[in-house]
Amino acid sequence: FLVVESAADPKTCKVHLSQLTHPTSVASQAHHGSSKKDVPRRRSCFDIVTPTEEATLSAAFLPDDNFHDLEYTSETSLNETLRCEDAIVSALVDAHSIDMSIHGDTTWKHQVVLGTLHSNVISGNDKSLKASLENALKLGRMSQIGDESKTNAGILDSSIMDARDESGKAAL
């Protein structure tokens, strides 16, 4: 059974996506001081941000918390994490869209769904944008370790830089 510790109106919430589903996502402020922020399991965590608290969740379940096998983690956890994040994003967007339907403009979504390159650009926080790009580059390097055929270890994947949102706009 599940126990509800707190509840919040979706109109007051935001979601901070995981590094597993969005390589430009950086651990939230609540975890920057944590000594465990570089633990591999942290990649599968996403946050629900409310006015009073920040709840960190993970949909990933691996036997013996085996998050050091990144191939297994990515393959198994990605689907579960995406499914949960999509459901939460859908609920939050539905709740916010009642008040935000402004002639098809969807840029407000980037203030509700955090952890994407678009959300960092919209926020205007250059420090956050830089950290986001550095994180994506670091994760790209980690996935290329041991693969000598990859010669672009210092170059960020263009699919991250050129990603477009629902309205067809690139972040940069």
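Our structure's up above, just so we're on the same page.
Residues numbered from 1 in each chain as written. Predicted model: local features only at pLDDT ≥ 70, side-chain atom pairs only at ≥ 80, totals over all residues. Heavy atoms only, no water.

## Observations regarding the pairing of strand 2 (residues 45-49)
Of all 5 residues that make up strand 2, 4 are buried, and the element is covered over most of its length. Note that strand 1 (residues 14-16) and strand 2 share 3 bridges and pair antiparallel. Bridge pairing in strand 2 links V15 to I48. Pairing geometry for strand 2 and strand 3 (residues 54-58), over 5 bridges, is antiparallel. (Buried < 20%, exposed > 50% of the residue type's maximum accessible area, 1.4 Å probe, protein only. Helix = DSSP H or I, 4+ residues; strand = E, 2+ residues; numbered from the N terminus. Pairing = 2+ DSSP bridges.)

## Section: the sheet that holds strand 4 (residues 113-114)
Spatially, 4 strands are ordered 3-2-1-4 in an open sheet, and the strand pairing comes out mixed. The open sheet is flanked by strand 3 and strand 4, the only strands paired with a single partner.

## Comments concerning the nonpolar core
C13, V15, L17, F46, I48, V89, L92, V93, W108, V112 and V113 together form the largest nonpolar core, which totals 11 residues. Sorting the residues of this core by element identifies strand 2 and helix 2 (70-100) as the ones contributing at least two each. It is helix 2 that contributes the most residues to this core, 3 residues altogether. With residues near it in sequence (within four places) discarded, I48 still touches K14, V15, E53, E54, A55, L57 and I88. (Core = buried A, V, L, I, M, F, W, Y, C linked by side-chain atoms within 4.5 Å. Contact = heavy atoms within 4.5 Å.)

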